[in-house]
Amino acid sequence: MAKGFALLGVILLVCAALAGCGGSKQEVLRVGTEATFPPFETTDENDNIVGFDIDLIKKIAEYNEWELEIVHMDFHVLIEELSTDKIDIVIAAMTIDEERAEKVLFSEPYFDAYQCLVVREDEDRDITVDNIAEQGLIIAVQMGTTGSFAAEDIYGNADHPNIKQLKRANEAFMELKSNRADVVIIDKPVAENYIRHLGGMKILGQPFTNEQYGIAVKKGNTELMDKINSALAKMKDNGDYDAIFKKWFGE
Ligand code: GLN
């Protein structure tokens, strides 16, 4: 009898240990992002990754009882890291486009965005997307982004000497501010945020693309994507999305 109880005790301990090591319902999902893209993803004074996207994915995780680990990486490696299972989810103000959709599975769109031109505040040349090439202007962009695709369209190829491909969005603005570039091409809400915080720059003309952001998972992972899409629909319905929007963009 005593032996029986002891055995039961051991079995219970093993079960508890297994539950602690991931046998429990709480899954830890690794979320990849590039945290120099305010207000979507940036770092606070304690180096925590915060932003609109981060609040969004945390709310989605809350509905699904997931635990998240947010990982900062270069934007241009995010899709590859997803394909090789180093991360489970990408949320990085990532524009849904056909080429990317061949490699990953995108959620329903969750944000509308546009590319725009940013120049120094004292810029007085007439600069438009259509005359950048004929003026031979230097463009700074973040590598692998739709801004860099726009620059590629302007100069015919991504390796053109007049295109500076930077790993981080903030580095593109540094190039502009220090006169090593004439124009930054980047998503408008992010341009506005950098201009507000760094000063000395302005947006020129009208935005010239129509884009929508999506959350991405590995191609074929429809089970995870269904949960993300249901959560997105729920939060757009119950006001949680609006609350997060208000927090990061005001009214
Ligand atoms: N929306 C742009 C893209 O998807 C930029 C994203 C980013 O730099 N985080 O390419």
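Quick caveat: nothing in here was measured; it's all calculated off a predicted structure. (Residues numbered from 1 in each chain as written. Predicted model: local features only at pLDDT ≥ 70, side-chain atom pairs only at ≥ 80, totals over all residues. Heavy atoms only, no water.)

### Here we look at the overall build of the chain
Alright, step 1. Looking only at helices and strands, the chain features ten helices and 14 strands.
Alright, step 2. For the chain, with 251 residues in total, the buried portion stands at 44%.
Alright, step 3. About 13000 Å² of surface is accessible on the chain, with carbon and sulfur atoms providing 51% of the total. (Helix = DSSP H or I, 4+ residues; strand = E, 2+ residues; numbered from the N terminus. Buried < 20%, exposed > 50% of the residue type's maximum accessible area, 1.4 Å probe, protein only. Areas by Shrake-Rupley, 256 points an atom, 1.4 Å probe, with all protein chains shown as cover.)

### Topic: the site of the ligand
Alright, step 1. In the vicinity of the ligand, the contacting residues are Phe-37, Phe-75, Ala-92, Ala-93, Met-94, Thr-95, Arg-100, Gln-142, Thr-145, Thr-146, Asp-187 and Tyr-213.
Alright, step 2. Contacts to the ligand include Thr-95, whose backbone N or O atom sits 2.8 Å from an oxygen atom.
Alright, step 3. Separating an oxygen atom of the ligand from a side-chain N or O atom of Gln-142 is a distance of 2.6 Å.
Alright, step 4. Of the residues contributing to the shell around the ligand, the split by class is six nonpolar, four polar and two charged. (Near = heavy atom within 4 Å. Polar contact = N/O pair within 3.5 Å; in protein donor to acceptor, adjacent residues only side chain to side chain. Nonpolar A, V, L, I, M, F, W, Y, C, P; charged D, E, K, R; others polar.)

### Digging into the pairing of strand S11 (residues 183-187)
Alright, step 1. The buried count for S11 comes to five of five residues, which makes it a mostly enclosed element.
Alright, step 2. By the bridge criterion, four bridges tie strand S8 (residues 115-120) to S11 in an arrangement that is antiparallel. Each bridged residue has a counterpart across the sheet, and for Gln-115 the counterpart in S11 is Asp-187.
Alright, step 3. Here two bridges tie strand S9 (residues 139-142) to S11, and the two strands are oriented parallel to one another. (Pairing = 2+ DSSP bridges.)

### Concerning empty space enclosed by the protein
Alright, step 1. Tallied over the full model, the rule gives one cavity of 30 Å³ or more.
Alright, step 2. Considered as a void within the structure, the largest cavity measures approximately 80 Å³ in volume.
Alright, step 3. In terms of lining residues, the largest cavity is bounded by 13 residues, among which Phe-37, Phe-75, Ala-92, Ala-93 and Thr-145 are the most central.
Alright, step 4. A per-class count over the lining of the largest cavity returns five nonpolar, four polar and four charged. (1 Å grid on protein atoms, 1.4 Å probe; cavity = no way out; pocket = protein on both sides within 12 Å on 5 of 7 lines; lining within 4 Å. Points joined across faces, edges and corners; volume = space filled by probe spheres on them.)

### Focus: the pattern of salt bridges
Side-chain pairs of opposite charge can arise where the charged atoms are in close proximity.
Alright, step 1. Enumeration according to the criterion identifies 14 salt bridges in this entry.
Alright, step 2. Between Lys-59 and Glu-62 there is a salt bridge, and its shortest N-O distance comes to 3.5 Å. Of this pair, Lys-59 and Glu-62 both sit in helix H2 (residues 52-64), separated by three residues, roughly a single helical turn.
Alright, step 3. One salt bridge connects Glu-123 with Arg-125, and the closest N-O pair in it is separated by 2.8 Å. (Salt bridge = Lys/Arg side-chain N within 4 Å of Asp/Glu carboxyl O.)

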